[in-house]
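Letter by letter, the chains look like this.
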Amino acid sequence: MRIGPYHLENPVILAPMAGVTDLPFRRLCRELGAGLTVSEMLSSNPLVWDTKKSRDRMEHADEPGIRAVQIAGSEPDLMAAAAVHNVGNGAQIIDINMGCPAKKVNKKLAGSALLQYPELVEEILTAVVAAVDVPVTLKIRTGWDPEHRNGIEIAKLAERLGIQSLAVHGRTRACMYKGNAEYDTIRAIKAAVRIPVVANGDITSPQKAKQVLEYTGADAIMIGRGAQGNPWLFREIAHYLATGEQLPAPSADEVRTVVLRHVHNLHQHYGEFTGIRIARKHVGWYLQQQQPASAFRREFVSIEHANEQIEALTKFFATVN
């Protein structure tokens, strides 16, 4: 799959997720087989760009692979300025968020709320594409609610305005993350446009990835929640799509090494106070499949020092190996 001048090593993409796809996690997923990773969404409001939270999200130092940054907002001029700002910070692809279903985003008429207003969508896409010389991509849902699935209309509009790749989550905004993703609309969108289409939603195994690609005809798949606590999913899917063979699960030694390194990198990236809190979330995801982990998770969330988190994890893995 190509996005503008960029050729992806494989068709397995890490979805942008607020509070999840920071630089340490993107690096890890890239190392474990993701063909492309996309940053957390960044606000188009310039008043927040100099906050520590935004600076952390805009960090791309030594980031491997193609640097794709997602922006969110509802004002065309501000979205264009945000695109220019992030390209100046190293972004090689700008992705526009019109898929987030969160109320705090939608009440500002951003994210998937924009799907209700094709005229405003057109203004935003036109402004951003004209503002930067890098490829601009778009992420949407299938529509606002099941009675208003206008994904095909938005996809055709995006293609006409110069969007170079379109990712589609197989739910409407009203569906949030409930029920099952549907792929009929993604299939119809792929048949309606010539730009690359990326299928997203409920892809948690190599077999499901292959099934979704074959059914929709999509050019790639995007992994979101399925990667939380399981970054090995990228290499498993890429290997299965290339060979038809199932890779073995990561060894206990590899799991221990990856988790400890990830937690250490979170401490380094955010500093101790924020890093230990971000680590709690990731460790909870990593350990969901560990039988003795529930008691340990309760213990882990009470730890207030970075070195104690590392020590506790080291002891825990010594007991389960």
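In the annotation of an unreviewed UniProt entry, the chain is listed under the name tRNA-dihydrouridine synthase B and assigned to Pseudidiomarina gelatinasegens. In its Cofactor (unreviewed entry) section, UniProt records this for the chain: "FMN". The UniProt entry for the chain carries the following comment under Function (unreviewed entry): "Catalyzes the synthesis of 5,6-dihydrouridine (D), a modified base found in the D-loop of most tRNAs, via the reduction of the C5-C6 double bond in target uridines."

So, the domain arrangement of the chain
One can read the domain layout of the chain as domain 1 (2-243) and domain 2 (252-319). Taking the mean C-alpha position of each, domain 1 and domain 2 sit 28 Å from one another. Of the roughly 1400 Å² buried at the junction of domain 1 and domain 2 (both faces included), carbon and sulfur atoms supply 57%. R261 serves as the salt-bridge partner of E31, at 2.8 Å between the closest nitrogen and oxygen. In this structure, the connection of domain 1 to domain 2 is made through five residue pairs in polar contact (both at pLDDT 80 or more).

Regarding the environment of G162
By secondary structure assignment, the location of G162 is in the loop between α6 (151-160) and β8 (166-169). Each C-alpha atom of the pair G162 and L125 lies 8.1 Å from the other, and the pair is 37 residues apart in sequence. Sequence-distant contacts of G162, that is, excluding residues within four places in its chain, are made with V129 and V136.

So, the environment of T21
Among the secondary structure elements, T21 is positioned in the loop between β3 (12-14) and α1 (23-31). Residues T21 and E40, 19 residues apart in the sequence, show an inter-C-alpha distance of 5.4 Å. The residues contacting T21, other than those within four sequence positions of it, are L14, A15, P16, R26, V38, S39 and E40.

Some remarks on the nonpolar core
One finds I96, M98, L125, L138, I221 and I223 to be the most contacted residues of the largest nonpolar core, which totals 59 residues. At five residues, helix α5 (residues 118-131) tops the list of elements feeding residues into this core. Those residues in contact with L125 that lie beyond four places of it in its chain are I96, M98, L138, A158, L161 and I163.

What counts as what
Residues numbered from 1 in each chain as written. Predicted model: local features only at pLDDT ≥ 70, side-chain atom pairs only at ≥ 80, totals over all residues. Heavy atoms only, no water. UniProt positions renumbered as here; feature names shortened; annotations may be inferred. Domains from an automatic or database assignment. Buried area = accessible area lost by both parts, 1.4 Å probe. Salt bridge = Lys/Arg side-chain N within 4 Å of Asp/Glu carboxyl O. Polar contact = N/O pair within 3.5 Å; in protein donor to acceptor, adjacent residues only side chain to side chain. Helix = DSSP H or I, 4+ residues; strand = E, 2+ residues; numbered from the N terminus. Contact = heavy atoms within 4.5 Å. Core = buried A, V, L, I, M, F, W, Y, C linked by side-chain atoms within 4.5 Å. Buried < 20%, exposed > 50% of the residue type's maximum accessible area, 1.4 Å probe, protein only.

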